[in-house]
Structure formats: structure tokens, C-alpha cells
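Examining the three-dimensional arrangement
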Amino acid sequence: MTTLPLQYVKGIGPKRAEALAAEHLRTPLDVLNYVPRGYVQRDTVPTLHALQRHLTESTLWVEHDSIDHGSVDHDREISIIATVVDVAERVIGKNRKMLTATIADDSGVVARLVFWNALAYYKRLLVVGATYVVSGKPEFDGRYHHLTFSHPEVERIDDDDIATYRNGAILPKYPLTQGLRNAGVTMRVLRSLVDQILPDALQQVPEFIPDDILRAHSLMDRAEAYRELHQPPSMDAVHRAQHRMKFEELFEFQLFLARRQSEHKTPQKGLTMHPRSPHARALIERLPFQLTSAQKRVIHEISNDMSSGVPMNRLLQGDVGSGKTIVALLCMLNVVDNTYQAVLMAPTEILAEQHARSLRAWLEGTDITVALVVGGQTKKQRQEALQQIAGGQAQLIVGTHAAFEADVTYHRLGLIVIDEQHRFGVAQRAELRRLGIRSHDGEHVVPHMLVMSATPIPRTLSMTLYGDLDVSVINELPSQRKPIDTRVVFESYLPATYAFMREQIAQGRQAYIVYPLVEKSDKLELKSAVEHHEQLQSDVFPDLRLGLLHGQMPWQEKDQVMRAFLEKEFDILVATTVIEVGVDVPNATVMLIENAERFGLSQLHQLRGRVGRGAHQSYCFLVAKDHFRYQMRRNTDPAEGMKAAVRLRTLERTTDGFEIAEVDLRLRGPGDLLGTRQSGLPEFRFADLQTDGELVQVARTEAFRVVAADPQLRRPEHAALRQQLISRFEAGTYQTVA
Ligand code: ADP
Ligand code: MG
């Protein structure tokens, strides 16, 4: 076993070893894990001429308007090989210095390299007449006809390198920081370091995926995969090595989920709820509508879970407006009829208040008390609610996080329902359950848990994120719903849109106008709700009643406004995105969203979901600036302009939340979509949830099979697997959840 510190490796020494240690590269194994972020290879290195043509064509392509998907990859790093023909330093403005270098290859086109930082370093590195690998994201400025790389990665290559490269060798590119560069750790040094440590380090890489799985899926073994990543004989070998690493990551994570699920299932004792529920039955009879068959089905699934004696751990997915609240309430009543309490938790105070209000309305005339616990309450209100909860007089509790603070003691908590689950993380879900357990005076029984989400999570993601949950889907909207008519309008058409809104209001309907910000922001020049509320009221709709709702208002005030809107005291509600989540006013049929190009796709879908909740035809107007179309072509950041266009068109085209979520995932990537940190997803180095959906499925099947056969991973052939999971936990890769 080698524990040779890196400083003794030839060409490293104490100074470079220190710089490497600063990047967490201390041992040969660390170096092994420092996998290349790309490869330079003859077939994929374009000439400057080809690059320029590619960039000008893709601009043309945008203008041709063929932007159905967000699939254009503007972010790809490109490597080229070229010779420096000129280096110049310039002073810009007062003290700002800039270094430019001109590079050329045999294709007759030149490009500029631009540097703003570490100029001394680059001045030394860039020598006229020398040849370099330049990697970065090139930009083409059509006005000046310039091909430019800002702060590219530059590596000088000598004749030997050029010769091997011309022979078809593949050069790995390692991530280099300025710290490494300053210490003289160049790409060459890294490659030579890898050459030296690789034979020994590979000996230390244990395989942990069971043999039969490797064979069944023709996966490379682990040591081989590392070798191919660092010293690939071909790009095909790189791809197979990457495939193996993807599988490894996904398999490991699915194994973690499978273990967690099996722990949930086996040892814990749940509350057995008798499915008979007079309160639920009576409510169903009082409802002004028929439950959809999807609603009935999921209620059945939930009540089966709750009567099984095992704690329920279920995700209820249903698009905006599919009627999740009534499902939750009916299940909560089932719990109440079993003499337990049920709590419904919402991510915002407005939504909690709205839920409390609708639950109370639905339960009017019954013996059931609903307590509300939110942050903005007075001491007295809170005390009263807490007493009712602790004493058991309140059977149903609605609240925000405040309902789980230390001073809240539940009498007999049987069910926790979390609404808009995507707003909470995996860890929080586990924490709530723990609190639920604590609340059972001494008796360690786990309450049932139902999490609801309107954000339709693409399948690959839900398998990954909620892999430990059972899933119920409401895949049907109430029958009388008509699809929301959605249109992108430009600002100059606003008067016509306002006139349309007026007509709707004359027919007794109501409308929302949403602005992105509360106060005018100089920086973004976005319209603000406050300012526009005034202007709309005085100039556009002087004869109508306009309400205002924004996030800076105290909770009681927000609640008052919402209540007034629900009771038709306002015709139009001017609001910020505080209304995004869950707000339910079925009489509202027009949603107008200003600066729509600035909003994310899921957010727009959520906002749009505030209308189309009743029997009337509803409309959504996505207002974009007039020059937006123009911007789309001429934007300095074409990717952004285009993504916005894709978002708006997707909404025009469909109201299907799942389809929208898939597009959103493509546009933004999963980390951004859910917030990697809060979502509890580990950061995968190889796997890409957007494109590796099938592999997720394969890894999941295998992982669950392993855990079903050997829940504790005690079998000798699973020893390495077990060890691997333990080391991951120690490294904090996965959040430890109950
Ligand atoms: P979401 O699933 O977005 O939370 P809600 O539970 O707020 O949706 O329901 C949206 C609206 O639809 C509410 O006004 C609710 O009362 C109503 N609703 C629920 N189920 C039905 C149904 N089966 N038929 C008609 N309307 C329904
Ligand atoms: Mg809801």
C-alpha cells in the first residue's frame, strides 16, 4: 500500500504538493479521483475557420426561429490548437489592465484571447511563436467580426505533444485552478503526476458493484474505468468508463434509498387506522361536486396504507387544480374518526390561512375544530391554538413550520400532510416525522406521512428524489375544467388585453395581474406591484376595485386581502409572486403576468394555475416587452433570450404539467430545478438526470433487488458495497435521514 506523499513524486516537490493539497489532492487516491473534465482529441478539435462558421450559423439558426427545444448547447467548452502570433497589454479606463493575444492556425482565421486577471502569469505563459491548446467558450461578435475566448484555459504544448497528438493520442484535460497554476502545476505536470501514481493507485481501488450486476450490464470494472478515464486509448473507452461511473453513482444512491425504504417498512410500528370514517362520508355527501375517479383511487390507496399497521410514506402528485386539498382533508377525517389528530403543513402563511379557512368552511356544522399555527400570530392566538392542540380539542391542525416548533405538543398525532412538498427538502420531511414521533407521549409510534406536490416532477427525478416514497398520482382534472387559453402578448397590446379583462369582469369574473417585484428596482427596471397598482387604479381601471398583495405586507394584512378577493370585494388583484403557491379563488378567470420572460417555467405554470379552477373558461396572458422578439435574436446572451422564448411558447402550447416539467428540466437541469442542496440530491459527477433516465431505472431496479435479498447487506458478496455506503455517509454525501 502506498502512502507516499505527493511531494516525493518526481516533478512535484513540497511547493506543488502544497498547492495540490489546497485542492484536496493529498494522496494518490485523491489524484485518481481528480478525473479529467474533458479530452483533446484530433477528431473533435475544430479549426478556427470551422469554429467561426459554426458560431455564425447557429446565430442564423436562432433567427430562423426553429426553437422548439432548449437543446442548443451554448455552454459547451471547445478546444483548439493554435499558435500565438501577437501578445499585447492594454490599459482600459483608469487602472484596469487587460491582456490580449492573437492566435492563428492553418485555416486562415485568427481569434483573440482576452485576460483580465493573473496577467503576469499569462504574460509569461504566452510566447509568440509557441503552440497551445486553448479551451473555453468562444464568442463571435458579428459587428467586429471577432472570434474571442475570454479567460480560456491555455496549455503550452511542445513538439513531442504535437507529434503524439497528431498520431491520434487523446490528451486529458484536468481542472486547473489559479492556485495550481501559480505553483507551476500545469496540465503537463498533472498528466505526469497521474502517469506516476496510476499503477499503484489503481491497486487501491476496490470494486464494490457485485459481479453479476457488472456482467449483466456489461460494465467495466472500477479500476479499469479509472485507468480509461485518465489514459484513454480511444474516446469510445472514455464513454464506456463514464457509463460505468454513472451507473456507480446512481446505483449507490438508489441503494441508499432502497435501504431507507426498507428501514421504513420493516421495524417501525405504525398506527392502524380503521378505514371507516363517518365524518369523511358525511363530507362527501355535502360536497357541491363529485370526486373524480382519480381522487377516489388515491383516497383508496392512502386509506389502504393507513390501515396496514405500517407507517405510510406516500407522495401524492397532482397537477395544479387537480383537487389535492379535498383528498387530504378526507384522509385527515379518517384519522380523526380513529381518535387521532392530523396536521396539514403549508409552505407559506397565506396558504396555511387559506387551508384553515377552507377546512373550516367544509366542516361547518360538525364537531371538528381546526387550529391554525403560523408565525405571524399574536401571543394570545398562539397560546390558544397550542392549548387546543396539546389538550386534543383541536383535531385538525393547519400551519407553517411554526406548527412544528419546540413549544407545540400534539396530543395524539396520527397523520402529517405536507402540501407543496417541493418547497421543503428531504431532510425537513424526515425532521417532521421525527417531531411527530416525539410528540407521542412516550409511545414510539410513527405517524403516517403524506406529502403532496403540484410540481410535476419528471420521472427520472422523482425516482431519484422520492425513491423511498410510494407514489399516488391524480392524473385527471375535475371534468368541467376547460384548458386555460394562454397567449404571449407584447406590451403594445396591453390596452386590448385590459379591455378583454374588463369584459370578463363585467360577466362577474375576477382577474389577477402579477408583477415580479414589490418596489421599483433601479437595477432591473422591473415593474413593481406597488407602483403599478396605483397607476392601474387611477389611469386604467378607475371604475373597478383593485386589491394589492405583496410579500412585504404583514401576514394579517395579506390574509385580509385574500379573503376580500375571495368574497369578490375586489375585481382585480394586483400581486407579486406571493400568490404563486396554492391560492384558490375559483371565480378568477384571467391571469396576466407582466415581465413573463423573466419567470421560470414551473413558476409560470404555478401562477397560471391560479385560474382555471372553476367551471368558467380561463385565460392567461404572458406579457413580454415589445423588443423581446428582437432581443431574442440580438441578445448578447443568446442562450438566455432563447430559453425565455422556449418557456413562453411551451406555456402557450400546453397545460400539461408533466410536459412542462420535462421542458423545464431540459432548460435548467435538475439541481437548479429543485435546488440541489435543499432537495437532498447528491451532486453527481458523472450522471446527468436529464439524459440518463434509463440508467436511473436500471440502477434502481438492481439496487432494490439487492436490498430485497439482503436488507442489511450482510452477505459476503455485498461486504464491499456496505463499506462503500458507510464511507459515503461518513463523507456526508447523503443526508442522514430517519
Ligand atoms: P390543488 O390540487 O392545486 O391543490 P385544490 O385542492 O386547491 O387543487 O382544488 C382546486 C379547486 O377545485 C378547489 O376549488 C376545489 O374545491 C375544487 N375541486 C376539487 N375537487 C373537485 C372535483 N372533483 N370537482 C370539481 N371541483 C373540485
Ligand atoms: Mg394545493
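Up top is the structure.
Residues numbered from 1 in each chain as written. Chains lettered and ligands numbered in written order. Predicted model: local features only at pLDDT ≥ 70, side-chain atom pairs only at ≥ 80, totals over all residues. Heavy atoms only, no water.

Some remarks on the sheet that holds strand β2 (residues 78–92)
One open sheet accounts for seven strands, arranged β6-β7-β4-β3-β2-β5-β8; its pairing is mixed. Bordering the open sheet on either side are β6 (138–141) and β8 (153–157), each of which pairs with just one other strand. Going from strand to strand, the sheet's axes swing by 40° on average, the running direction of each strand aside. (Pairing = 2+ DSSP bridges. Helix = DSSP H or I, 4+ residues; strand = E, 2+ residues; numbered from the N terminus. Axes fitted to C-alpha atoms, helices over the stretch in contact; angles between N-to-C directions.)

Describing the nonpolar core
Grouped together as the largest cluster of nonpolar side chains are 45 residues, with contacts concentrated most on Leu396 and Leu415. Tallying contributions element by element places helix α13 (residues 324–336) first for this core, with 10 residues. Residue contacts for Leu396: discarding those within four places in its chain leaves Leu329, Met332, Leu333, Val336, Ala342, Leu359, Leu363, Ile368, Thr369, Val370 and Ala371. One finds Leu25, Val189, Val194 and Leu229 within the second-largest nonpolar core, a separate group that totals 38 residues. (Core = buried A, V, L, I, M, F, W, Y, C linked by side-chain atoms within 4.5 Å. Buried < 20%, exposed > 50% of the residue type's maximum accessible area, 1.4 Å probe, protein only. Contact = heavy atoms within 4.5 Å.)

Notes on the pairing of strand β10 (residues 313–318)
With six of six residues buried, β10 lies mostly within the body of the structure. Residues of β10 alternate between two faces, with Asn313, Leu315 and Gln317 on one and Arg314, Leu316 and Gly318 on the opposite face, all of them buried. As paired elements, β10 and strand β15 (residues 448–453) share five bridges and run parallel to each other. Following the sheet pairing, Arg314 is matched in β15 by Leu450. Direction of pairing for β10 relative to strand β16 (residues 470–474): parallel, over a ladder of five bridges. When the sheet's bridge partners are listed, Gln317 is paired in β16 with Val473.

Description of helix α5 (residues 159–166)
Listed in full, the buried residues belonging to α5 are Asp161, Ile162 and Tyr165. Buried residues of α5, viewed axially, fall in a sector of 100°; they line one side. Turned more than 90 degrees away from the buried face of α5, the exposed residues are Asp159 and Asp160. Residues of α5 that are buried make contact with β1 (38–40), β2, β5 (131–136), β8 and α7 (187–203). Immediately downstream of α5, the backbone of Gly168 shows phi near 100°, a positive value. (Arc of directions from axis to C-beta.)

A short note on the packing of α7 against helix α9 (residues 222–230)
Where α7 contacts α9, the two axes come as close as 10 Å, and the packing angle between them is 175°. On the basis of their axis angle, the class for α7 and α9 is roughly antiparallel. Across the interface between the two elements, Val194, Leu198 and Leu202 from α7 touch Ala223, Tyr226, Arg227 and His230 from α9. Class assignment of the residues belonging to the contact of α7 with α9 gives a composition of five nonpolar, one polar and one charged. (Parallel < 35°, antiparallel > 145°, perpendicular 65-115°, else oblique. Nonpolar A, V, L, I, M, F, W, Y, C, P; charged D, E, K, R; others polar.)

Digging into the site of ligand 1
Around ligand 1, the structure places 19 residues, and the nearest of them are Gly321, Lys324, Thr325, Arg481 and Arg613. One of the backbone nitrogen or oxygen atoms of Gly323 is found 3.1 Å away from an oxygen atom of ligand 1. Taking Asp584, its side chain carries an N or O atom lying 2.8 Å from an oxygen atom of ligand 1. Within the complex, 92% of the 570 Å² of free accessible area of ligand 1 lies under protein. Split into classes, the residues belonging to the shell around ligand 1 amount to six nonpolar, eight polar and five charged. Split by domain, the shell around ligand 1 shows at least three residues from each of two domains, domain 2 (273–308 + 322–453) and domain 3 (485–654). (Near = heavy atom within 4 Å. Polar contact = N/O pair within 3.5 Å; in protein donor to acceptor, adjacent residues only side chain to side chain. Areas by Shrake-Rupley, 256 points an atom, 1.4 Å probe, with all protein chains shown as cover. Domains from an automatic or database assignment.)

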